[in-house]
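# Structural overview
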Amino acid sequence: MIEIKNIIKSYGTLRVLRGIDLVIPDREVVAVTGTSGAGKSTLLHILGTLDTPDSGEILYDGENIARYPAGKLSAFRNRNIGFVFQFHHLLPEFTALENICIPAWIKGDSRREATRKATALLELLGLEERASHKPSELSGGEQQRVSVARALINSPRAVLADEPSGNLDSQTRNELHRLFFRLRDELHQTFVIVTHDAELAAMSDRKITLSDGRIA
């Protein structure tokens with residue numbers, strides 16, 4: 001479903017990615033591991049079109065989206081890629097329901113349709129009673145589940161997660177990890193997860209290790 005070819009990325013004189021080739025099939029949970037500075041987050045941001053490579057191709061279903069103009073690329077990202085980050089990036093002035101709705105509003109869904117989809121996701125993730133709560137009123141695990149629901153609302157082809165359980169206690173972390181695999185099975189999502197968590201990496205369908213900007 002996703003294929004990248006010979007991805008090279010530098011920041012000034014620092015070469016971060018040194019020719020990455022990778023194929024990610026549909027409905028797979030892929031863990032990306034490696035030491036700090038190996039290029040994991042950079043690779044994830046390029047997969048998610050949040051950053052652009054110096055050279056190489058990014059193909060979704062065989063189409064090289066790296067050539068898209070900015071507006072078309074932004075629309076593609078909104079509809080096809082969901083993001084979950086270590087720090088939830090929930091907007092504090094909005095409720096859980098409203099935070100989940102934001103990508104759907106950007107997409108152009110009506111308030112009624114976005115609310116319907118967000119409510120269904122809250123129920124799926126066991127958060128229906130927290131819909132009207134703002135982020136400051138939610139636990140860390142609840143905030144992360146809200147961010148997962150936000151990533152899912154536009155039914156993206158891929159969900160990209162960067163250290164999603166890094167700030168969670170062990171019980172909440174394990175619950176989140178199991179949730180990823182349940183969503184893969186029930187919603188047929190593809191997950192690419194940057195993680196230092198050895199247990200999550202071992203659970204994944206495939207583990208990819210980066211070392212010095214290359215796949216080891």
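Now for a look at the structure at hand. (Residues numbered from 1 in each chain as written. Predicted model: local features only at pLDDT ≥ 70, side-chain atom pairs only at ≥ 80, totals over all residues. Heavy atoms only, no water.)

### Considerations on the environment of Arg145
- Summarising the element assignment, Arg145 is placed in helix α5 (residues 140-152).
- Along the backbone, Arg145 and Pro164 are 19 residues apart, and their C-alpha atoms lie at a distance of 10.0 Å. (Helix = DSSP H or I, 4+ residues; strand = E, 2+ residues; numbered from the N terminus.)

### Looking at the packing of aromatic side chains
- Applying the stated criterion across every chain, the model contains four aromatic pairs.
- Each ring, one from Phe180 and one from Phe191, has its centre 5.2 Å from the other, and the planes form 45°; the classification is tilted. Within this pair, whereas Phe180 is found in helix α6 (residues 170-187), its partner Phe191 is found in strand β8 (residues 190-194), the two being separated by eleven residues in sequence.
- Classification of Phe180 by relative accessible area gives buried; the value is 0%.
- Three or more aromatic residues joined by ring pairs form one cluster here, namely Tyr60, Tyr68 and Phe76. (Phe/Tyr/Trp six-rings, centres within 6.5 Å; stacked < 30°, edge-to-face > 60°. Buried < 20%, exposed > 50% of the residue type's maximum accessible area, 1.4 Å probe, protein only.)

### Some remarks on the packing of helix α3 (residues 96-107) against α5
- Their axes nearest at 7 Å, the elements α3 and α5 cross at an angle of 30°. In terms of orientation, α3 lies roughly parallel with respect to α5. The two elements α3 and α5 meet at a crossing, and its hand is right-handed. Seen from α3, the contacting residues are Ala96, Asn99, Ile100 and Pro103; seen from α5, they are Val146, Ala149 and Arg150.
- Class assignment for the residues of the contact of α3 with α5 results in five nonpolar, one polar and one charged. (Axes fitted to C-alpha atoms, helices over the stretch in contact; angles between N-to-C directions. Parallel < 35°, antiparallel > 145°, perpendicular 65-115°, else oblique. Left-handed = near helix turned anticlockwise from the far one by under 90°. Contact = heavy atoms within 4.5 Å. Nonpolar A, V, L, I, M, F, W, Y, C, P; charged D, E, K, R; others polar.)

### Observations regarding the side chain of Thr42
- Turning to its location among the elements, Thr42 is positioned in helix α1 (residues 40-47).
- For Thr42, a relative accessible area of 13% gives the class buried.

### Looking at unusual backbone geometry
- A positive phi angle is found at Asn6, which is not glycine, with a value near 50°.
- In this fold, Asn6 is placed in strand β1 (residues 2-11).
- A relative accessible area of 41% means that Asn6 is categorised as partly exposed.
- If you check the backbone angles, Asp61 has positive phi at about 55° while not being a glycine.
- Tracing the backbone shows Asp61 in the loop between β4 (55-60) and β5 (63-64).

### Side note on the sheet that holds β1
- Spatially, four strands are ordered β2-β1-β4-β5 in an open sheet, and the strand pairing comes out antiparallel. Among the strands making up the open sheet, the edge pair consists of β2 (14-24) and β5.
- Pairing of β1 with β2 involves eight bridges; the strand directions are antiparallel. Its bridge partner lying in β2, Lys9 is registered against Leu17. (Pairing = 2+ DSSP bridges.)

### Comments concerning the side chain of Asn78
- Relative to the elements of secondary structure, Asn78 occurs in helix α2 (residues 70-80).
- The exposure class of Asn78 is buried, given its relative accessible area of 16%.
- In this structure the side chain of Asn78 is engaged in a polar contact, spanning 3.2 Å, whose partner is the backbone oxygen of Pro103.
- Asn78 has contacts with Pro103, Ile106, Lys107 and Asn154, leaving out every residue within four places of it along the chain. (Polar contact = N/O pair within 3.5 Å; in protein donor to acceptor, adjacent residues only side chain to side chain.)

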